[in-house]
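Architecture at a glance
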Amino acid sequence: MSDGAKAAVLHGALIAALFALHFVLPAYHHGNLARVMVLATYAMGYNLLFGYTGLLSLGHAMFFAAGMYGMALPVTHLGWAPGPALLSGLAAGALLSLVAGALALRTVGVAFLIVTLMFAQAVYLTVLYFAEWTNADDGLVLQRAERVLWGLDLSDAGVRYLAALVLFSVCLVLSLWLVRRPFGKVLIAIRENEARAEMLGYDVFAHKLGAVVASGTMSAAAGAAYGLLFGYAGASFAGVQYSILPLLWVLLGGAGTVIGPFLGALFTFYLIDITSGFTTAYMAVVGVVLIALTLFAPQGIGGEIRRRVWRGLP
Amino acid sequence: MRLPGRAAAGNVAGMEFGPYLMLATLEGAVTAAVLALTAVGLSLVFGIMRVVNVAHGEFFMLGAVLAWWVASWFGGHAAIGFVAAAVLAPLLVGALAALADVTVLKRVDYDPERTIVVTIGLLYVIQQVVLMTYGPEARPVEPPFNARLALPWVEWGESGPALYWPWGLSTTSYKLFVIGAAAVVLAAVWLLMRHTRIGLVLRATQMDGEMAQVFGIPVERVYAFTFGLGAALAALGAVLIVPIQQAHYLMGGDPLLLSFIVVIIGGLGSLPGTVVAALLIGLSDGIISVFFSPTLAKILATLLVALVLVFRPQGLFGTRAA
Amino acid sequence: MSLLQTRGLTKAFGGLHAVQDVDFDLPEGEVRALIGPNGAGKTTFVGMLCGRVAPTAGAVRFAGADISRLPAHRRIREGMAYTFQITSVFARLSCRENVALAVRRRKGDAAREVPAALARVGLGDRADQLAGDLSYGHQRLLEIAMGLAQKPRLLILDEPTQGLADSEIEGFVALVREVRAEATVLLIEHNMSVVMDTADRITVLNFGEVLAEGTPEEIHADGRVQDAYLGTGDA
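Chain A is annotated in an unreviewed UniProt entry as Branched-chain amino acid ABC transporter permease of Psychromarinibacter sediminicola. Here chain A is described in UniProt, under the heading Subcellular location (unreviewed entry), as follows: "Cell membrane".

A few words now on the overall build of chain A. Across its full length, chain A holds 14 helices and four strands. Counting only C-alpha atoms, chain A reaches 55 × 45 × 40 Å along its principal axes. Burial analysis of chain A (314 residues in total) assigns 59% to the buried set. Once local pairs closer than 6 in sequence are excluded, the contacts in chain A between residues at least 24 apart make up 78%.

Residue and element names in this part refer to chain C. Along the chain, Thr 161 falls in the loop between β7 (154-158) and α6 (166-179). For the pair formed by Thr 161 and Ile 219, sequence separation is 58 residues and the distance between their alpha carbons is 21 Å. When residues no more than four places from it in sequence are discounted, the contact partners of Thr 161 are Ile 169, Phe 172, Glu 189, Asn 191 and Val 194.

What follows deals with the packing of helix α4 (residues 78-105) of chain B against helix α9 (residues 219-241) of chain B. The description of two helices packed together rests on the angle between their axes and the distance between the axes. All names here are of chain B. Following both chains from N to C, one finds α4 and α9 inclined at 145°, their axes separated by 7 Å at the closest point. Taken as a pair, α4 and α9 cross one another with a handedness that is right-handed. On the side of α4, the interface is formed by Phe 82, Ala 85, Ala 86, Ala 89, Pro 90, Val 93, Gly 94, Ala 97, Ala 98, Asp 101, Val 102 and Leu 105, while α9 contributes Glu 220, Tyr 223, Ala 224, Phe 227, Gly 228, Ala 231, Ala 232, Ala 235, Leu 236, Val 239 and Leu 240. Tallied by class, residues from the contact of α4 with α9 come to 19 nonpolar, two polar and two charged.

For the rest of this paragraph, the subject is the environment of Ala 122 of chain A. Assignment of secondary structure puts Ala 122 of chain A in helix α5 (residues 110-129). Taking the C-alpha atoms as reference, Ala 122 of chain A lies 8.8 Å from Met 62 of chain A; in sequence the two are 60 residues apart. Discounting chain neighbours no more than four positions away, the residues touching Ala 122 of chain A are Ile 299, Thr 302 and Leu 303 of chain B.

Below, the discussion takes up the pattern of salt bridges. Residue and element names in this part refer to chain C. The full count for this structure, using the stated rule, is 24 salt bridges over all chains. Of the charged contacts, one joins Glu 113 and Arg 112 as a salt bridge, the two residues approaching to 3.8 Å between their closest N and O atoms. Assessed through its relative accessible area of 12%, Glu 113 is described here as buried. Beyond isolated ion pairs, a larger network of salt bridges with shared partners links Arg 106, Asp 109, Arg 112, Glu 113 and Lys 151.

Opposite the 24 residues of chain C that make contact, chain A presents 19 residues. For the pair chain C and chain A, the summed buried area comes to about 1900 Å², and 59% of that belongs to carbon and sulfur atoms. Sorting the residues of chain C by area buried against chain A places His 73, Phe 90 and Arg 92 of chain C first, and these three jointly supply 29% of that buried surface. Run the count over chain C and chain A and you get two salt bridges.

We now examine the UniProt feature "transmembrane region" (unreviewed entry) in chain A. Residue and element names in this part refer to chain A. The UniProt record marks residues 7-28, 34-55, 86-105, 112-131, 159-179, 247-272 and 278-298 with the feature "transmembrane region" (unreviewed entry), using the residue numbering of this structure. Secondary structure content for residues 159-179 is 100% helix and 0% strand, while the C-alpha to C-alpha distance between its ends is 30 Å. Across residues 278-298 one finds 67% helix and 0% strand; the C-alpha atoms that close the span lie 28 Å apart.

Let's shift gears to the sheet that holds β7 of chain C. Residues and elements named next belong to chain C. Overall, mixed pairing links the six strands, which are arranged β6-β7-β8-β3-β9-β10 in an open sheet. Single-partner strands in this sheet number two, and they are β6 (80-83) and β10 (209-214). Averaged over all pairs of adjacent strands, the angle between their axes in this sheet comes to 15°, without regard to strand direction. Pairing of strand β3 (residues 31-35) with strand β8 (residues 184-188), which is carried by four bridges, proceeds in the parallel orientation. Pairing of Val 31 across the sheet is with Val 185, part of β8.

Grouped together as the largest cluster of nonpolar side chains are 248 residues, with contacts concentrated most on Val 99 and Leu 142 of chain C. In terms of residue count, the dominant contributor to this core is helix α2 (residues 27-52) of chain A (15 residues). A domain split of this core shows at least three residues from each of domain 1 (2-79 + 152-230) and domain 2 (88-150) of chain C. Residues in contact with Val 99 of chain C, not counting those within four places in the same chain, are Val 114, Ala 117, Leu 118, Leu 142, Ala 145, Met 146 and Ala 149 of chain C. Core analysis: the next-biggest nonpolar cluster, separate from the first, contains 29 residues, Leu 26, Phe 45, Cys 50 and Leu 154 of chain C among them.

So, on to the sheet that holds strand β5 (residues 65-66) of chain C. All names here are of chain C. Spatial ordering of the open sheet is given by β2-β1-β4-β5, a layout of four strands whose pairing is antiparallel. Of all the strands in the sheet, just β2 (16-27) and β5 have a single pairing partner and so form its edges. Sheet topology places strand β4 (residues 57-62) next to β5; two bridges connect them, and they run antiparallel. Bridging from a neighbouring strand, Phe 62 pairs with Ala 65 of β5.

Moving on, we come to the side chain of Thr 83 of chain C. Checked against the element boundaries, Thr 83 of chain C lands in strand β6. The contact partners of Thr 83 of chain C, leaving out residues within four places of it in the chain, are Arg 196 of chain A together with Glu 143, Ile 144, Ile 156, Leu 157 and Asp 158 of chain C.

With that settled, consider the pairing of β10 of chain C. As judged from the five bridges shared by strand β9 (residues 201-206) of chain C and β10 of chain C, these two strands associate in the antiparallel manner. Each bridged residue has a counterpart across the sheet, and for Val 204 of chain C the counterpart in β10 of chain C is Ala 212 of chain C.

Moving on to a nonpolar patch on the surface. Residues and elements named next belong to chain B. Among the surface-exposed residues, Trp 73, Phe 74, Ile 80, Val 83, Val 87, Leu 88, Leu 91 and Leu 92 lie close enough to one another that they form a single nonpolar patch of about 820 Å² accessible area. Elements with a contribution of two residues or more to the nonpolar patch: α3 (56-74) and α4. Ranked by the residues each element gives to the nonpolar patch, the list is headed by α4, at six residues. Checked against the element boundaries, Leu 92 lands in helix α4. Here Leu 92 falls in the partly exposed class, since its relative accessible area comes to 47%.

Here is what the cut-offs are and how they apply
- Residues numbered from 1 in each chain as written.
- Chains lettered and ligands numbered in written order.
- Predicted model: local features only at pLDDT ≥ 70, side-chain atom pairs only at ≥ 80, totals over all residues.
- Heavy atoms only, no water.
- UniProt positions renumbered as here; feature names shortened; annotations may be inferred.
- Helix = DSSP H or I, 4+ residues; strand = E, 2+ residues; numbered from the N terminus.
- Buried < 20%, exposed > 50% of the residue type's maximum accessible area, 1.4 Å probe, protein only.
- Contact = heavy atoms within 4.5 Å.
- Axes fitted to C-alpha atoms, helices over the stretch in contact; angles between N-to-C directions.
- Left-handed = near helix turned anticlockwise from the far one by under 90°.
- Nonpolar A, V, L, I, M, F, W, Y, C, P; charged D, E, K, R; others polar.
- Salt bridge = Lys/Arg side-chain N within 4 Å of Asp/Glu carboxyl O.
- Buried area = accessible area lost by both parts, 1.4 Å probe.
- Pairing = 2+ DSSP bridges.
- Core = buried A, V, L, I, M, F, W, Y, C linked by side-chain atoms within 4.5 Å.
- Domains from an automatic or database assignment.
- Patch = residues over 30% accessible without salt bridge, like charges linked within 9 Å, V, L, I, M, F, W, Y side chains within 5 Å.
- Areas by Shrake-Rupley, 256 points an atom, 1.4 Å probe, with all protein chains shown as cover.

What follows is the structure in C-alpha cells.
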C-alpha cells in the first residue's frame, strides 16, 4: 500500500471510530470527547506552525480568542446568526494572524517567542479593558436561541458532538492535504534547514507568513466553534495558559504529525480531568509532563510511532 | 506586582495634581526598586547563559511565600523575622534554582527553545506546589519598622512660597528603606561583576562559553551559580515587597511580564540598561496610571516591548546588535 | 556577453574591508575558478553574488539585469544555484525529497527528473535514504545533485571537494566537465589540481581585491600569486 493510501486509511479510521463512539459512549465521556475534538482542532492549527514549520509561538491564545470573540461579539451585540458569526470569527483570526505574523516574523529564535507572547498578552488585556462589551473574566454566555446553526440546535449534546466531529474531520483532512502539497513540503524544508530552502529559491518569509495565517485561522475556527458549541466566551481563553496548552498537546502527541495533536489533547484532557479529582493544583501535572516530555521524549507519541512502526506517518 | 501607587492613589481622591504626582512618583520608585532587582536577575541569566527563564516570576513568588514562612516561624519582634527572611528566602530560592539548573536545564543543553518549554513546566510545578502547601490565601509579612512620614508641598500663598502638608501625602520609613536596600544590593551586584574573580569568570563565560571552558572555567558550575543568583535576586525583591503587598501563589505573573519588558527595553543582557529601564518603567507605571487606566497602560507597554523587539532588538538604550 | 558582472563590489565589516572594489566578469558557458588564500574574501564575495550578504557598495548584474537589490531567493529564481561551503542538506528528509524540493520550485516534473539527477551524481540507489544518514562525501554529491536539479544558468560551488576522497574527486571533476554544456560554473576551490583540470579561467582574490585573472597556465606562472599563497606577497 502506498504511503498516501496508508495515510488515508489511518486518518479515515480515526474519523470513523469517533463517529462510532457517538453511539456507544456514556454521556460524560461523550461530552468530554466533543470538547477534546474542538481542542484538538486548535492543536492541529498550532501544529501547522510549530510541528511543520518549526516556529514556536507562545501566543496562539490570541488566535483562539480572535475566533471566539470574533464570533461571540457580533452574536451578542449585533444579533448576528451563528453562520455569519462563525465566518467573522474566522476572518478575525485570519486578519490578526496576518498582522501579528508580518511583524513577529521579522524576529528569529527567542525573540519570536517573546514577541508572540507579548502580542497575545496585549490581546488578553484588550479583552479585559473592553469589559463593557466582553464582560471580561465573567465572559459572554450565548443563549440557546443564539446557537441554532442552519436549524441545528448546537446546545443539544448529540448535535454538538457531531458538529465537533465535522469541524475536527475537516481540519484533519485539511492538515493532511496541506502537508502533502508542495506548500506544506516547503514548510517542512524550512523547518529542517531554512538557509537551504532559501537558496533553493523559496521565499521563506512568504511561506512562513502563509503558515502563520493557516495556523492562526485554524486556531480561530476552533475558538469560534468552542464558543458556539459550549455557549460561552471568556477572557481566560485568551490568557497565557491557553497559549501553553496547545504546545503541551502537540509536544505530547508528536509535533509534525497530523494525528499527534488529537492524541495529545485527548491524553492531556483526561490527565487533567483525573488529577483535578484529587487536587485543585492540577496544573502541576501540566508542568511535570512538559518537563518530562522535553527531557525524555521530545518527539512525543507520534514521533515514537514514526520511529518504531511507520516512518512515513504524515 | 500590584502597584502600590494605585492603592495609595485610591486614598487620596481629591488631592491636588502636584502632590498627587509626587505621591505617584514615590510609590513608583518603590516599584522601580523591586523591579530593578527582579529584572537584573533575569538579565544576568539571559546575558550569561543565553536562555530565557520563564519561571523567574515563580522564584519571585517563592521568595515572598518563604519570607512569610520564615517570618512566622521565627516569631518575636517583626525585625527578627524580617531579617531572617531576607537572608534565608533568597538562599533557599537560589539553591532550588541551582538544583533546577543541574537537573533540568543542563539536560536540555541550554537549547533556547527547549529551555523556555521546561521553564514553563517549572513555572506550573512551583506555582501549583505552593498552592497545594501554602494555599490560595494572601498573607502579609509585618514590616520591621513602618513609621508614617508626612511630606510637605509648596504652595504659592499671598506671601510667596509656603510649605504645607497636604492630607494624604505621605510615605513610610519602610518604603524608603526598600528603595535604599535595593540600591545597595544593585551596587553590590555591580561590584561583584566588575571587581571580583567571580565577576571575571561570569563575564568571561558571557562573552564565549566554549572559550571559557577551554580556559578551564567550570562553565557548568558557573551556569548553576548564575541561575541561582538570578533567582535569589528575584526572591530578595519579593522579600522587600511582602510587607507592602501580600504573599500569594499567583503573584509571579506581573513581575515576570514587567521584568521581560525591562530587560528587553534595556537591551538584552545589559545590566546598566536594565536598571535604567526598571527606573523608567517603574516610575512611569506609577505616573501613567494617573492618566490612564492601569490595563490600558499595560496594553501599551506590552505592545511597545513587542515592537521594540521587532524593530530595535538591541533595546532602546543598547547600541550593539543583540 | 557576461552572464555575471560586478562593478565596485565592496563589503566592509566595521572598518575592515573583506571585499574591496571588485570588478568581475563571467562570460556565459565558462567554468571559472575563484581561488585565494584563507580569508581572501571568497565566501563573502560569493555571498554578495547570491544575496546572502548585503554589499556595502557596488552592483551585481546577472543576465543583463541589475540584481543588486533582489533578495537571495529571487536571484535563485533568476537562474542561480548555490551549494554551501559547509554541507547543507535537509538531513531528516530522504534524498529523493531533497532533490524534489529543488525540482518543484521551478515547477519541474519531480517523478521524472529526481531519479535522473540522483543517478547523475551516483546516488541513484539511495533515493529513499535519509540525507543525514549518508556519508559526508555523499552528502556533498547530493547537494550538487540539488544544484543541478535547479537547471541553473549559473552554478556556484563553494569548495565542493572539501572532505571528499580522491576517488570521489575524480568523479566530481568528470561531473563538472559534463555540466559545462548546460551551465556556467563558478567554482571556489582550494584543491589546485581540481582547478587546473576543470577551469577555463581563474580569478585570484587576495585581501579582498582581485590580484590576478587568467588561464590556468598564466596563473600558474604568475609570481604574485605564488607570493600570495606563500604569504610573502605584499600585493
